[in-house]
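Breakdown of the fold
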Amino acid sequence: MKKNKKIFSFYWFIIIFLLISLGAATSILLYEKINEATKGNEILISILILGNILFVTIIFFIIDILRRKFFIEKPLNEILYLTDEIAKGNFKVKINYKFKKYNSEYDDIIYNIKIMIDELNKNKLLKEDFISNFSHEIKTPIQVMKNYINLLKNPKTSIDEKDEYLIQLTNTLNRLSNLVTNILKLNKLENQVINIDKEEFDLSEELRTSILNYVEKIDEKNINLELDIIDNLIIKNDKSYIEIIFNNLISNAVKFTNPNGKIYISLKKIKNKYEFVVKDSGIGISKDIGEHIFDKFYQGDTSHKEEGNGLGLALVKQVIDLLGGEIKLYSVLNEGTTFTVLLGE
């Protein structure tokens, strides 16, 4: 793009130079012709040369007006129109941009505005989608709780039934609490300046502690858990954010691994990076779902919907981005999924 602009400017320089040279050349030729014709009449020569200069100036003036009209005023008016529409919140404004071989700076501005509008449109759609999903996610547990409360109020409900409804009501409240907590965490990560509270701690022990939270569920599903954790891996990072990564990825592996399946978890240091791997023999993720797996509220497998709210992996991605890390996904449908996280200090 910059090269094209240089060529574009160079062509204008050549045109102006040729026009000036043409004006100077015609003045010299005119002087010689008039000098011969008038036999040195200086007054007439001065008048005719002045007229020639005036004529050339008018030509330059007309060319400059046309240049300004088509190469400056037209794109500037387009830019002003676009910025006015954006200020009004109209992100569907039509942009009359056509790629040219030689773009001016104004063309580049219009092109950048086009990219900006496309991004604003995407953000608007994401915002609308987020509000729609959030409304749905929060409405469902509230309705469930209302139903259980009505059942509990029913005098015909037995003691055993009330105990079961109270358990279900508690689970629904916990789900709603987790939803709100995760949304607040995401909002903080996305929209506020975060101060990372770095401290030295044993990453290996932190991972083992996270795994212990899911041992009961692992035993219930008779999952074969294989661990490859290097001891005494000391890291200087934010402990609370590392905990979010560990808990969400382990929880997902347990959730989507079928009974009698396998989960492999490893932690090691490769050069100056800490590699955390969670591999399961679960249902796997298709390519289409994999492209949206880190989107808020996105749940590829709706059969496990009651176990989550589609915010866990979105939160993991935000945390990893904040810590300057990297997360990779490899999955084969009906064979399993592997998440690989690389973290620095």
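Up top you'll find the structure we're talking about.
Structural notes, computed from the coordinates. Per chain, residues are indexed from 1 in the order of the written sequence. In view of the model being predicted, local features appear only for residues whose pLDDT reaches at least 70, and side-chain atom pairs are presented and counted only at 80 or more, with totals across whole chains, interfaces and linings using the full set of residues. Where side-chain values are given, they derive from all heavy atoms of the structure, hydrogens and water being excluded.

Observations concerning a negative patch on the surface
Note the following rule: Residues qualify for a patch when their relative accessible area is over 30% and they have no salt bridge, like charges being joined within 9 Å and the nonpolar side chains of Val, Leu, Ile, Met, Phe, Trp and Tyr within 5 Å. Using a 1.4 Å probe, accessible areas were evaluated by the Shrake-Rupley method; residue-level cover was limited to the displayed protein chains. Take a side-chain nitrogen of Lys or Arg and a carboxyl oxygen of Asp or Glu: if they are within 4 Å of each other, that pair is a salt bridge. When charges are counted, neither His nor the chain ends are considered; positive counts come from Lys and Arg and negative counts from Asp and Glu. Charge coordinates come from a single atom per side chain, which is NZ of Lys, CZ of Arg, CG of Asp or CD of Glu. Runs of E in the DSSP output that reach at least two residues are strands. Runs of H or I that reach at least four are helices, and both are numbered from the N terminus. Exposure is judged per residue with a 1.4 Å probe applied to protein chains only, and the accessible area is read against the type maximum: over 50% gives exposed, under 20% gives buried, and values in between give partly exposed.
There is a patch of like negative charges on the surface, built from Asp160, Glu161, Asp163 and Glu164. With respect to the secondary-structure elements, Glu161 resides in helix H4 (residues 159-191). A relative accessible area of 36% means that Glu161 is categorised as partly exposed.

Some words on a nonpolar patch on the surface
Taken together, the side chains of Leu54, Ile58, Phe61, Ile62, Ile65, Leu66, Phe70 and Phe71 make up a nonpolar region of the molecular surface, amounting to roughly 770 Å² of accessible area. Counting through the fold element by element, Phe70 comes out in helix H2 (residues 42-87). Assessed through its relative accessible area of 48%, Phe70 is described here as partly exposed.

Re the nonpolar core
Definition in use: Put simply, buried Ala, Val, Leu, Ile, Met, Phe, Trp, Tyr and Cys residues joined by side-chain atoms within 4.5 Å make one nonpolar core. Here, residues are in contact when the closest pair of their heavy atoms is within 4.5 Å.
Within the largest apolar cluster, 38 residues are counted, with the highest numbers of intra-cluster contacts made by Leu203, Leu207, Ile245, Leu249, Ile250 and Phe276. Elements with a minimum of two residues in this core: helix H5 (203-212), helix H7 (239-256), strand E4 (262-270), strand E5 (273-280), helix H9 (312-322) and strand E7 (336-343). Sorting elements by how many residues they give to this core places H7 first, with 9 residues. Setting aside residues up to four positions removed in sequence, Ile250 forms contacts with Leu207, Ser210, Ile211, Tyr214, Ile265 and Phe276. Counting 7 residues, the second largest nonpolar core, distinct from the first, contains Ile79, Val93, Ile110 and Ile117.

Here's the deal with unusual backbone geometry
A positive phi angle, near 70°, is found at Asn260, a position not held by glycine. Here Asn260 is to be found in the loop between H7 and E4. Given the relative accessible area of 55%, Asn260 is considered exposed.

Considerations on the packing of aromatic side chains
The geometry of an aromatic ring pair is captured by the separation of the ring centres together with the interplanar angle, meaning the angle of the planes. So the rule is basically this: Working definition: a ring pair exists when centres of Phe, Tyr or Trp rings (six-membered ring for Trp) sit within 6.5 Å. Plane angles under 30 degrees give stacked, over 60 give edge-to-face, the rest tilted.
Per the counting criterion, the structure on display carries 2 aromatic pairs. Considering the side-chain rings of Tyr148 and Tyr165, the 5.8 Å spacing of their centres and the 40° angle between planes classify their relative orientation as tilted. On the criterion of sequence distance, the pair formed by Tyr148 in helix H3 (residues 105-153) and Tyr165 in helix H4 is long-range, its members being 17 residues apart. Under the relative-accessibility criterion, Tyr148 is labelled buried at 19%.

As for the pairing of strand E6 (residues 326-332)
The test is simple: DSSP-based pairing: two strands are paired if at least 2 bridges between them are found.
Relative to E7, E6 runs antiparallel, the two being bridged by 7 bridges. Its bridge partner being in E7, Ile327 is matched across the sheet by Val341.

Topic: the sheet that holds E6
Two modes of strand pairing occur in sheets, parallel and antiparallel, and in both the strands are linked by backbone hydrogen bonds. In plain terms, the rule: The convention used is that axes are lines fitted to C-alpha atoms, helices contributing only their stretch in contact, and that angles between N-to-C directions extend from 0 to 180 degrees.
Sheet architecture is open: 5 strands sit in the order E2-E4-E5-E7-E6, paired in mixed fashion. The open sheet terminates on both sides in strands that have one partner only, identified here as strand E2 (224-229) and E6. Sheet twist, expressed as the average angle between the axes of neighbouring strands with direction ignored, equals 10°. Of the strand pairs in this sheet, E2 and E4 are connected by 6 bridges, and their pairing is parallel. Opposite Ile229, over in E4, you have Leu267 as the bridge partner. Along the sheet face, H7 touches E4, E5, E6 and E7 and points at about 20° away from the line of E5.

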